[in-house]
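A closer look at the structure
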Amino acid sequence: MQSAEGWRSILENWPEVIPKRGIIITNYQESIPFQNFLLSTGVVLLERDKPDSLGARKVMLSYEAISAIKLTDTMELARYQVMGFQPV
């Protein structure tokens, strides 16, 4: 599976029990904190809780530009099994 397809699949199937907030790390080495998001075919629209240094509160980012997603909630690791993660 291509990386962009993997990120899109994770975002499309985000469970209701997991808050839609965290930090997206881009291929441009930028960290984008988000508190919610909307999806389209090739782009995710991220909503920030505070504006960035230029005053932007929303960011449109292609799935290809996502390098990592950091989750800021302190939930137990087992709660993420609904996202397809399994213990070994």
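Check the entry above for the structure.
Throughout, a residue's number is its position along its own chain's written sequence, starting from 1. In keeping with the model being predicted, local features are shown solely for residues with a pLDDT of at least 70 and side-chain atom pairs are shown and tallied solely at 80 or more, while totals for entire chains, interfaces and linings include all residues. Where side-chain values are given, they derive from all heavy atoms of the structure, hydrogens and water being excluded.

Looking at the pattern of salt bridges
- Salt bridge, as used here: a side-chain nitrogen of Lys or Arg that lies within 4 Å of a carboxyl oxygen of Asp or Glu. Under the defined criterion, the tally for this structure stands at six salt bridges.
- Through salt bridges with shared partners, a single network forms among E30, R48 and D52.

Some remarks on helix α1 (residues 3–12)
- Within the span of α1, buried status applies to A4, G6, W7 and L11. For α1, the angular spread of buried residues about the axis comes to 160 degrees, placing them on one side. Buried residues are those whose accessible area, probed at 1.4 Å on protein chains only, stays under 20% of the maximum for their type, while exposed residues exceed 50% and partly exposed ones sit between those limits. Helix and strand definitions here come from DSSP, where helices need a minimum of 4 consecutive H or I residues and strands a minimum of 2 consecutive E residues; each element is numbered from the N-terminal end. It is the directions from the helix axis to the C-beta atoms whose arc is reported.

Focus: the sheet that holds strand β1 (residues 22–26)
- Strand pairing requires that DSSP identify at least two bridges connecting the strands. With antiparallel pairing, three strands are arranged side by side in an open sheet as β2-β1-β6. Edge strands, defined here as strands with exactly one partner in the open sheet, are β2 (31–34) and β6 (66–70). Averaged over all adjacent pairs, the angle separating strand axes in this sheet is 25 degrees, with direction ignored.
- With four bridges connecting them, β1 and β6 associate as antiparallel partners. In the sheet register, I24 faces β6, and the bridge partner there is I69. Between the N-to-C directions of two axes lies an angle of 0 to 180 degrees, each axis being a line fitted to C-alpha atoms and, for a helix, fitted only over the stretch in contact.

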